[in-house]
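Close look at the chain arrangement
Chain by chain, the residues:
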Amino acid sequence: MTQTLENITAIDEKLSQRHLDLDPGGYFIIYLDREAGLICAKHFSNAIDERGLAVDPQTGKVIPARGKVERTHTRLFAGRTAKELCVKIFEQTQPCPVTLLDHAAYLGREFVRAEMGLVSGCEYVQD
């Protein structure tokens, strides 16, 4: 069966609704710096509470999944390509800020999507 863009989009949208365990190593906010030609990823630390929710390690307050949150990132990673960014985060940073394989796979997919947006000039919105 040949996949169409509609089929692929439907599969991805359905998979985006699945439950994911949060990474105790933290989370990333990914965006493009088009002027500099970079994919950027701000890393934020978090702790996971007994309910499985991400909480600010300093305040203990739940970090909402949507909406604006006033927090300071622990580190900013940037690369010209998805591969360069992955090498910086996963190979050159010790200890690695990503502790779950599914989180690493997600980041790789997002960095490729961001790279495609950077190259094509299309909008990139993190999933």
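I will try to describe carefully the structure that is included in this document. As the structure is a prediction and not an experimental result, all values here were calculated from the model. (Residues numbered from 1 in each chain as written. Predicted model: local features only at pLDDT ≥ 70, side-chain atom pairs only at ≥ 80, totals over all residues. Heavy atoms only, no water.)

1. Details of the packing of aromatic side chains
Under the counting rule described, the total for this entry stands at two aromatic pairs. Geometrically, the ring pair formed by Phe-28 and Phe-77 is tilted, given 6.2 Å between the ring centres and 50° between the ring planes. Pair noted here: Phe-28 is in strand β1 (residues 27-33) and Phe-77 is in strand β5 (residues 75-79), with a separation of 49 residues, a long-range link. Residue classification places Phe-77 among the buried positions, given a relative accessible area of 4%. (Phe/Tyr/Trp six-rings, centres within 6.5 Å; stacked < 30°, edge-to-face > 60°. Helix = DSSP H or I, 4+ residues; strand = E, 2+ residues; numbered from the N terminus. Buried < 20%, exposed > 50% of the residue type's maximum accessible area, 1.4 Å probe, protein only.)

2. Quick notes on the packing of helix α2 (residues 82-91) against helix α3 (residues 101-120)
Where α2 contacts α3, the two axes come as close as 9 Å, and the packing angle between them is 150°. In terms of crossing hand, the pair formed by α2 and α3 is right-handed. Between α2 and α3, the residues in contact are Ala-82, Lys-83, Leu-85, Cys-86, Ile-89 and Phe-90 and Ala-104, Leu-107, Gly-108, Phe-111, Val-112 and Glu-115, respectively. (Axes fitted to C-alpha atoms, helices over the stretch in contact; angles between N-to-C directions. Left-handed = near helix turned anticlockwise from the far one by under 90°. Contact = heavy atoms within 4.5 Å.)

3. Here we look at the side chain of Asn-46
One can find Asn-46 in the loop between β2 (38-44) and β3 (47-48). Within the structure, Asn-46 has its side chain in polar contact with the backbone oxygen of Asp-23 (distance 3.2 Å). (Polar contact = N/O pair within 3.5 Å; in protein donor to acceptor, adjacent residues only side chain to side chain.)

4. Structural notes on the sheet that holds β2
Spatially, the three strands line up as an open sheet ordered β1-β2-β5, and their pairing is antiparallel. Edge positions in the sheet fall to β1 and β5, since each of these pairs with one other strand and no more. Neighbouring strand axes in the sheet, compared pairwise and without regard to direction, differ in orientation by 20° on average. As defined by bridge partners, β2 adjoins β5 across five bridges and the pair is classed as antiparallel. (Pairing = 2+ DSSP bridges.)

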